[in-house]
Amino acid sequence: YDIYYPLSLEYQDKPIKTDDIRNIFKISNYITIIGDAGSGKSTLVKHLFLNSIKEKYAIPLLIELRYLNEYEGDIDSFISERIFENEISQNNKILDRLLRKGKFLFFLDGFDELASNVRNKIVKNLNSFINKYHENKFILTTRPYSNIEHLPLFFNLNVMELSKTDIDGFIDKQLPEELEMAQKIKESIEGNKARYITSFLKNPLLLSIYILTYQSNASI
């Protein structure tokens, strides 16, 4: 949180604040967060994971879907292994009871990283798991155009681009002890006539690279 700058999501042209995990699940228990590379999806997931603990909202569990590419079992087994690794449940009977009561919040990170040869199997497994344990909450992240429509229960939320105010706030957050440098970087952006520069800087990763580059070279 020393460097985290809050992002907003968008649903049907309406912004959704992410400061409280409850805001997201007002729409549905099944949420997809869609964003381009570098838009901050993984960082946002970390924040929402911690916020879930802080608010005592649910038992959060992060599942990085890319690990399923080489996994020979089904998603039920994979999730069970993660839960037992973290000593959240002692046995399968208790785990099944927790799942049926909807005690968990599952973060399914990186749907677009599933290999094409296993995606259909994973999607089928996932739909089956969600239908069986539908009282739980699910957040799935992906880049655009990943055929997410194969998960029909999910409502799609888009990561919003950084606004001019956000860009200034992001820079200040990264350089709290270097106010003069932060101001110079903001002035360099304002004084740049190239529109593509401004469009790039609406992406948190590219804005971070811009800040680091400016710190090294003092020019763009």
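Parameters and conventions
Residues numbered from 1 in each chain as written. Predicted model: local features only at pLDDT ≥ 70, side-chain atom pairs only at ≥ 80, totals over all residues. Heavy atoms only, no water. Phe/Tyr/Trp six-rings, centres within 6.5 Å; stacked < 30°, edge-to-face > 60°. Buried < 20%, exposed > 50% of the residue type's maximum accessible area, 1.4 Å probe, protein only. Lys NZ or Arg CZ within 6 Å of the ring centre and 35° of its normal. Axes fitted to C-alpha atoms, helices over the stretch in contact; angles between N-to-C directions. Helix = DSSP H or I, 4+ residues; strand = E, 2+ residues; numbered from the N terminus. Parallel < 35°, antiparallel > 145°, perpendicular 65-115°, else oblique. Left-handed = near helix turned anticlockwise from the far one by under 90°. Contact = heavy atoms within 4.5 Å. Nonpolar A, V, L, I, M, F, W, Y, C, P; charged D, E, K, R; others polar. Core = buried A, V, L, I, M, F, W, Y, C linked by side-chain atoms within 4.5 Å. Salt bridge = Lys/Arg side-chain N within 4 Å of Asp/Glu carboxyl O. 1 Å grid on protein atoms, 1.4 Å probe; cavity = no way out; pocket = protein on both sides within 12 Å on 5 of 7 lines; lining within 4 Å. Points joined across faces, edges and corners; volume = space filled by probe spheres on them.

Notes on the packing of aromatic side chains
Throughout the structure, instances matching the rule amount to 13 aromatic pairs. Arranged with centres 5.5 Å apart and planes meeting at 20 degrees, the rings of F104 and F106 form a pair that is stacked. Judged by its relative accessible area of 0%, F106 is buried. Over the ring of F111 we find R119; its NZ or CZ atom is 5.1 Å from the centre of that ring.

A word on the packing of helix α6 (residues 164-174) against helix α9 (residues 204-217)
Packing of α6 against α9 brings their axes to within 11 Å, and their N-to-C directions diverge by 55 degrees. Judged on the interaxial angle alone, α9 and α6 are oblique. Here α6 runs over α9; the crossing is right-handed. Within the contact between the two elements, α6 uses I167, F170, I171 and Q174 and α9 uses P204, L207, S208 and I211. For the contact of α6 with α9, the residue count by class is 6 nonpolar, 2 polar and no charged.

Topic: the nonpolar core
Among the nonpolar cores identified, the biggest contains 34 residues, and I139, I171 and L207 are the most heavily contacted of them. Looking at this core, the element that brings in the most residues is α9, giving 4 residues. Those residues within four positions of I139 in sequence are excluded, and the remaining contacts are I21, F25, I31, I33, L48, L105, F106, F107 and L108. Among the nonpolar cores identified, the runner-up in size contains 30 residues, and L65, F78, L98 and I122 belong to it.

Here's the deal with the pattern of salt bridges
Per the counting criterion, the structure on display carries 9 salt bridges. Put simply, E64 and R66 hold a salt bridge, and the shortest N to O gap is 2.8 Å. The class of R66 is partly exposed, set by a relative accessible area of 35%. Its salt-bridge partner being E190, residue K164 comes within 3.2 Å of it at the nearest N-O pair. Note that K164 is positioned in helix α6 and E190 in helix α7 (residues 179-190), a separation of 26 residues in sequence. The partly exposed category is assigned to K164, whose relative accessible area is 43%.

Description of the layout of surface pockets
Empty space within the largest pocket amounts to approximately 590 Å³. Taken together, 29 residues make up the lining of the largest pocket; nearest its centre are Y4, G40, K41, S42 and T43. Elements that contribute at least two residues to the lining of the largest pocket include exactly α2 (41-54), β6 (137-142), α6 and α9. A per-element tally of the lining of the largest pocket places α2 first, with 6 residues. In terms of residue class, the lining of the largest pocket is made up of 9 nonpolar, 11 polar and 9 charged. There is about 200 Å³ of room inside the second largest pocket. The wall of the second largest pocket is formed by 13 residues, among which G35, D36, S39, V159 and E161 lie closest to the centre. When the residues that make up the lining of the second largest pocket are grouped by side-chain class, the tally is 5 nonpolar, 5 polar and 3 charged.

Some remarks on unusual backbone geometry
At D13, a position not held by glycine, the phi torsion is positive, near 65 degrees. Tracing the backbone through its elements, the reader meets D13 in the loop between β1 (8-11) and β2 (14-17). Residue D13 is classed as exposed on the basis of its relative accessible area of 70%. Positive phi outside glycine occurs at Y145, with the angle close to 60 degrees. Along the chain, Y145 falls in the loop between β6 and β7 (155-159).

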